[in-house]
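If you want the building blocks of each chain, they are given just below.
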Amino acid sequence: QVQLVESGGGLVQPGGSLRLSCVASGSILRINTMGWYRQAPGSQRELVATISSGGITNYADSVKGRFTISRDNAKNTVYLLMNTLKPEDTAVYYCNAAVWVTGPYRRLDIWGQGTLVTVSS
């Protein structure tokens, strides 16, 4: 069984910073794209940023220049550094990964449980 566990959410003032982490564990052969999504109250889940196994990144326009996604392949971990946070960044942030696993060999699309980020003064 494969799972993603996020950490690093919390309450921060506007203009502040947070770093989210997400660790994948289980019978993992390799991980392709990893990413972060978010869902604000009353809204649909939306893409924040993704990163390929080779380090190619993609960002939502709303976070470009403020957020940075990175990964450590040796640790099966993806990070999201969030700077200059705004109240509209308030949401539950979810980690996602495309994971190849054993027993039997197959590709899974895995989601974490989410971590709440609240930007408020």
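Use the structure listed above.
Participant: I'd like to hear about the side chain of Arg-71, residue by residue, with values.
Facilitator: For Arg-71, the location among the structural elements is in strand 7 (residues 67-72). Here Arg-71 sits buried without a salt bridge, and the closest side chain of opposite charge, Asp-72, lies 8.2 Å off (N-O distance). Within the structure, the side chain of Arg-71 is placed 2.7 Å from the backbone oxygen of Asn-32, a separation counted as a polar contact. A distance of 3.1 Å separates a polar atom in the side chain of Arg-71 from the backbone oxygen of Ser-52. Not counting residues within four places of it along the chain, the set of residues in contact with Arg-71 comprises Ile-31, Asn-32, Thr-33, Met-34, Ile-51, Ser-52, Ser-53, Thr-77, Val-78 and Tyr-79.

Participant: Talk me through the state of the cysteines; I want residue IDs and the actual numbers.
Facilitator: Note on terminology: disulfide describes a covalent bond linking the sulfur atoms of two cysteines. One pass over the full model with this rule turns up 1 disulfide. The partner cysteine of Cys-22 in its disulfide is Cys-95, sulfur to sulfur 2.1 Å. For the disulfide bridge between Cys-22 and Cys-95, the dihedral angle about the S-S bond is near -85°, and by the sign convention the bridge is left-handed. A residue pair is termed long-range when its members are at least 10 positions apart, and Cys-22 in strand 3 (residues 18-25) and Cys-95 in strand 9 (residues 91-101) qualify at 73 residues. In this structure Cys-95 comes out as buried when scored by relative accessible area, which is 0%.

Participant: Please set out the packing of aromatic side chains residue by residue, giving values where relevant.
Facilitator: Under the counting rule described, the total for this entry stands at 2 aromatic pairs. Positioned over the ring face of Tyr-94 is Arg-45, at 3.7 Å from the centre of the ring. One cation-aromatic arrangement involves Arg-45 over Trp-111; the distance from NZ or CZ to the ring centre is 4.7 Å.

Participant: How would you summarise the pattern of salt bridges if you had to cite specific residues and measurements?
Facilitator: Scanning all chains against the criterion turns up 4 salt bridges. Its salt-bridge partner being Glu-46, residue Arg-38 comes within 2.7 Å of it at the nearest N-O pair. Arg-38 gets classed as buried once you look at its relative accessible area, which sits at 5%. In this structure Glu-46 comes out as partly exposed when scored by relative accessible area, which is 36%.

Participant: So what's going on with unusual backbone geometry? Which residues, and what values?
Facilitator: Here the amide bond leading from Gly-103 into Pro-104 is cis, since omega sits at -15°, within 30 degrees of zero. Structurally, the position occupied by Pro-104 is in the loop between strand 9 and strand 10 (106-111). Positive phi is not limited to glycine here, since Thr-84 has a value of about 45°. Residue class for Thr-84 comes out partly exposed when judged on its relative accessible area of 45%.

Participant: Give me the nonpolar core: which residues, what numbers.
Facilitator: Of all hydrophobic cores here, the largest spans 32 residues; its most connected members are Trp-36, Leu-80, Met-82 and Tyr-93. For this core, the secondary structure elements donating two or more residues are strand 3, strand 4 (28-39), strand 5 (46-51), strand 7, strand 8 (77-82), strand 9 and strand 11 (115-119). Per element, the largest residue contribution to this core is 6 residues, and it comes from strand 9. Not counting residues within four places of it along the chain, the set of residues in contact with Leu-80 comprises Leu-18, Arg-19, Leu-20, Trp-36, Val-48, Ala-49, Phe-67, Thr-68, Ile-69 and Tyr-93.

About the thresholds
Along each chain, residues carry numbers from 1 onward, in the same order as the chain's sequence is written. A pLDDT threshold of at least 70 governs which residues receive local features in this predicted model, and a stricter bar of 80 or more applies before side-chain atom pairs are shown or counted, although totals over entire chains, interfaces and linings include all residues. Working from all heavy atoms in the structure, the side-chain values ignore hydrogens and water. Secondary structure elements follow DSSP: runs of H or I of four or more residues count as helices, runs of E of two or more count as strands, with numbering from the N terminus. Buried, partly exposed and exposed residues are distinguished by accessible area as a fraction of the type maximum, computed with a 1.4 Å probe on protein chains only: under 20%, between the cut-offs, and over 50%, respectively. Charged residues are defined here as Lys and Arg on the positive side and Asp and Glu on the negative side; His and the ends of the chain fall outside this count. Salt-bridge detection follows one rule: a side-chain nitrogen of Lys or Arg within 4 Å of a carboxyl oxygen of Asp or Glu. For the purposes of these results, a polar contact is taken to be a pair of N or O atoms within 3.5 Å, where, inside protein, one atom must be able to donate a hydrogen and its partner to accept one; residues adjacent in sequence count only when each atom of the pair is a side-chain atom. By definition, residues are in contact when any of their heavy atoms lie within 4.5 Å. In this description, the term disulfide denotes a pair of cysteine sulfurs within 2.5 Å. Pairing of aromatic rings covers Phe, Tyr and Trp, the last through its six-membered ring, and needs centres within 6.5 Å; plane angles under 30 degrees mean stacked, over 60 mean edge-to-face, and all others mean tilted. Consider the ring centre and the ring normal. A charge sits over the ring if Lys NZ or Arg CZ is within 6 Å of that centre and within 35 degrees of that normal. Grouping buried Ala, Val, Leu, Ile, Met, Phe, Trp, Tyr and Cys residues that are joined through side-chain atoms within 4.5 Å yields what is termed a nonpolar core.

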